[in-house]
Amino acid sequence: MSEQFDVVVFGSLIVDFISYVPRLPKVGETLHGTKFATGFGGKGANQCVAAARLGSRTAMVGKLGNDPWGKNYFNALQSEGVNVDHVTILDGQSTGIAQINVANNGDNQIVIVVGANNSLHQDDVRASANVLNNAKVLICQLETPAQATIEALKTFNGTSIMNAAPGLENIPLDLLKCCSIFCVNESETALITGMAVETVMQAKSALFKLRDMGCGTIIITLGEKGAIFGLKDCAKVVHVKPHKVDKVVDTTGAGDAFIGALAHFIATDPSAEMTHCIAAANLVAALSVQKPGTQTSFPRFEDTGLPMVLSSSQCEWEYI
């Protein structure tokens, strides 16, 4: 009998090279950093690890290079309890890397070179059919080729989350139409819709534009402003309030923590209201920004207090 999964991720694996700096550099400027660290990242693997740490049974479909970074990453995923039967190490390819600057106030700059991630193709959808057919939630992103992602979304029969990140100006419309949930942040929403998204009400207008473009259920994350969402075929838009953070240490990976948590709660409690799932995901993201690093900052379930969030008045929201 095939293994059952809560969350399967079809996407990217990238190694992070992180420089901590007093502030983000200007164009042409050289700054002295205060610390350097390496870590495991890539939006796909980040989201997979975030869900796994919360207790989901997870599987990853992705590509690594046949280099020390790729081999170490493969072992790290196994240590997190992620099924890696469909994580392939490719000869002649480099593992994807990200160069990240993190400022003292938590802001970041990121440049990625995706390497082996570009070799995730439509054939890999068919090759990983056993995990795709036995999972409740599929997560996809835009750090791997779009056509393979579209194939995965079309093939999958459960709830699919398309995290359209990094932002893409002329996004293939099938990526919007073939997913159950389309999730983007402010900058990604602005790039896709061509609209300003600086306030909650501007985000609401952009949500309706995304709906006109073919999206069903839409979530727009707004950082310290929380998130808004609109369910498919429902005219009402809900603003889920944020969880306050006293000190932001590092925002890298916060969006991935949100996506992984969202998938976890949808998969493990199908009866939970979307409002409560988003509130819980907001809390996971808020906890992650209070620690340095990417995957290392993701909380484990017992550290979150999430059962209270999902079942109590701590979930603050309003119609907008």
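Along each chain, the written sequence defines residue order, and numbers are assigned to residues from 1. In view of the model being predicted, local features appear only for residues whose pLDDT reaches at least 70, and side-chain atom pairs are presented and counted only at 80 or more, with totals across whole chains, interfaces and linings using the full set of residues. Heavy atoms from the whole structure form the basis of all side-chain values; hydrogens and water molecules are not counted.

1. Regarding the pattern of salt bridges
Which entries qualify depends on this criterion: For this document, the term salt bridge refers to a Lys or Arg side-chain nitrogen within 4 Å of an Asp or Glu carboxyl oxygen. Strands here mean DSSP runs of E at least two residues long; helices mean DSSP runs of H or I at least four residues long; both are numbered from the N terminus. Type-normalised accessible area, obtained with a 1.4 Å probe on protein chains alone, sets the label of each residue: buried when under 20%, exposed when over 50%, and partly exposed for intermediate values.
One pass over the full model with this rule turns up ten salt bridges. For Asp6, the salt bridge identified is with Arg57, shortest N-O distance 2.9 Å. Within this pair, whereas Asp6 is found in strand E1 (residues 5–10), its partner Arg57 is found in the loop between helix H1 (43–53) and strand E4 (58–65), the two being separated by 51 residues in sequence. Classification of Asp6 as buried rests on a relative accessible area of 4%. The salt bridge partner of Lys136 is Asp6, with a shortest N-O separation of 3.5 Å. Here Lys136, found in strand E8 (residues 135–140), pairs with Asp6, found in strand E1; they are 130 residues apart in sequence, far enough to count as distant. Connected via shared salt-bridge partners are Asp6, Arg57 and Lys136.

2. Some thoughts on the side chain of Thr189
Stated precisely, the cut-off is as follows: Counting of polar contacts relies on pairs of N or O atoms within 3.5 Å, with two restrictions inside protein: one atom must be capable of donating a hydrogen and the other of accepting it, and residues adjacent in sequence are counted only when both atoms are side-chain atoms. For this analysis, residues touch if any pair of their heavy atoms sits within 4.5 Å.
Among the structural elements, Thr189 can be located in helix H7 (residues 186–193). Within polar-contact distance, the side chain of Thr189 engages the backbone oxygen of Asn185 at 2.7 Å. Residues contacting Thr189, with those up to four places away along its chain left out, are Val184, Gly194, Val197, Ala206, Leu210 and Ile220.

3. Concerning the pairing of strand E10 (residues 181–185)
In the case of a regular strand, side chains alternate between the two sheet surfaces. Worth spelling out the cut-off: A pair of strands is labelled paired if DSSP reports no fewer than 2 bridges between them.
Along E10, four of the five residues are buried, which leaves the element largely enclosed by surrounding structure. Across three bridges, strand E9 (residues 159–163) lies against E10 in parallel orientation. Bridging from a neighbouring strand, Ile161 pairs with Ile181 of E10. Bridge count for E10 against strand E11 (residues 217–221) is five bridges, and the pairing is parallel. Of the residues in E11, the one forming a bridge with Phe182 is Ile218.

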